[in-house]
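# Architecture and fold: a report
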Amino acid sequence: MPLKLQTPLILVNFKTYLEATGKRAVELARKAEKASRETNVQIGVAPQFTDIALVAETVEIPVFAQHIDPIEPGSFTGHVLAEAVKEAGAVGTIINHSERQLRLFEIDAAVKIARRKGLVSVVCANNQSISGAVAALNPDVVAVEPPELIGTGIPVSKAEPEIVRATVEIVRRVNPKVVILCGAGISCGDDVKAALKLGTQGVLVASAVVKAKDQYRVLLEFAEKARIRRTAP
């Protein structure tokens, strides 16, 4: 059975940071699980491929792959197979992250493969037109993430809130059912609250959590702000 997404959703991309590699990936996933349980806000984690199995065996929160290739089983040395990440314990996958971009026909193929394999597809988009185009491919989630703000600490929800509002409107017209996340530069709980206020249903984050001195405190702050926004009138 594919994962049933709950919103607001906080998805933490571990990237290839040493602070979230190997045993530290497991430790961070446990912190995310604790924050999720304490706030009743869904938090997912996306560790490196080599850490998926151990993380998935350790925690009950959703575990995502950072990427899948639009391939079928066979002679594709060095590629990432959807069946492999699912077998390892992933329930979903990020597709077309700004650091691992695909062409539109490849995104389409990857989304279809993910759907067939029962994986939740989280497709990243770096502008409004791409967001609309990928929404038409019927993924489970669209994450708007302007690449110029990634890792800067400047949240898209504050630096360019019109991008988020316009993107939400475009995506909703194309696909009313898709979940919309806001990424890039989310660095504090107020950024999460602002992103949700602009019409998104969660955030895609990375360095703000992974490289934090107190990862659990940041996760808890994000989740608490998301919960407050969910229960606000």
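Here the structure is shown first, and the text comes after it.
Quantities reported herein were computed from a predicted structural model and do not represent experimental measurements.

So, how was this worked out
- Residues numbered from 1 in each chain as written.
- Predicted model: local features only at pLDDT ≥ 70, side-chain atom pairs only at ≥ 80, totals over all residues.
- Heavy atoms only, no water.
- Axes fitted to C-alpha atoms, helices over the stretch in contact; angles between N-to-C directions.
- Helix = DSSP H or I, 4+ residues; strand = E, 2+ residues; numbered from the N terminus.
- Parallel < 35°, antiparallel > 145°, perpendicular 65-115°, else oblique.
- Left-handed = near helix turned anticlockwise from the far one by under 90°.
- Contact = heavy atoms within 4.5 Å.
- Nonpolar A, V, L, I, M, F, W, Y, C, P; charged D, E, K, R; others polar.
- Polar contact = N/O pair within 3.5 Å; in protein donor to acceptor, adjacent residues only side chain to side chain.
- Expected span 1.5 Å × (residues − 1).
- Buried < 20%, exposed > 50% of the residue type's maximum accessible area, 1.4 Å probe, protein only.
- Pairing = 2+ DSSP bridges.

### Considerations on the packing of helix 5 (residues 128–135) against helix 7 (residues 161–174)
What describes two packed helices is the angle between their axes and the distance between those same axes. Where helix 5 meets helix 7, the axes come as close as 9 Å, and the angle between the chain directions of the two elements is 25°. Judged by the angle between their axes, helix 5 and helix 7 are roughly parallel. Two packed elements cross with a definite hand, and for helix 5 against helix 7 that hand is right-handed. In contact with Gln 128, Ser 131, Gly 132 and Ala 135 of helix 5, helix 7 contributes Ile 163, Ala 166, Thr 167, Ile 170, Val 171 and Val 174. Along the lines of polarity and charge, the residues of the contact of helix 5 with helix 7 split into six nonpolar, four polar and no charged.

### Comments concerning the side chain of Ser 121
Turning to its location among the elements, Ser 121 is positioned in strand 5 (residues 120–125). Contact partners of Ser 121, with chain neighbours within four places excluded, come to Thr 93, Ile 95, Val 111, Ala 114, Pro 139, Asp 140 and Val 141.

### Here's the deal with the side chain of Lys 15
Residue position: Lys 15 is located in the loop between strand 1 (9–13) and helix 1 (23–39). Here the side chain of Lys 15 touches Glu 99 through a polar contact of 2.9 Å, side chain to side chain.

### Notes on helix 1
Because each turn of an α-helix spans 3.6 residues, side chains separated by three or four positions end up pointing in the same direction. Compared with the 24 Å implied by 1.5 Å per residue over 17 residues, the 25 Å span of helix 1 between its first and last C-alpha is a close match. What helix 1 keeps buried is the set Ala 25, Val 26, Leu 28, Ala 29, Ala 32, Glu 33, Ala 35, Ser 36 and Thr 39. At the exit of helix 1 stands Asn 40, carrying a positive phi of roughly 60°.

### What about the pairing of strand 2 (residues 42–46)?
In terms of residue burial, strand 2 counts as a mostly covered element, since five of its five residues are buried. Residue alternation in strand 2 divides its side chains into two sets, Gln 42, Gly 44 and Ala 46 and Ile 43 and Val 45, and both sets are buried. Relative to strand 2, strand 1 runs parallel, the two being bridged by five bridges. Within the sheet, the bridge partner assigned to Leu 11 lies in strand 2 and is Gly 44.

### A look at helix 5
Looking at helix 5, one finds that the buried residues are Ser 131, Gly 132, Val 134 and Ala 135. Looking at the buried residues of helix 5, the elements they touch are helix 4 (104–116), strand 5, strand 6 (141–144) and helix 7.

Structural measurements only, silent on function.
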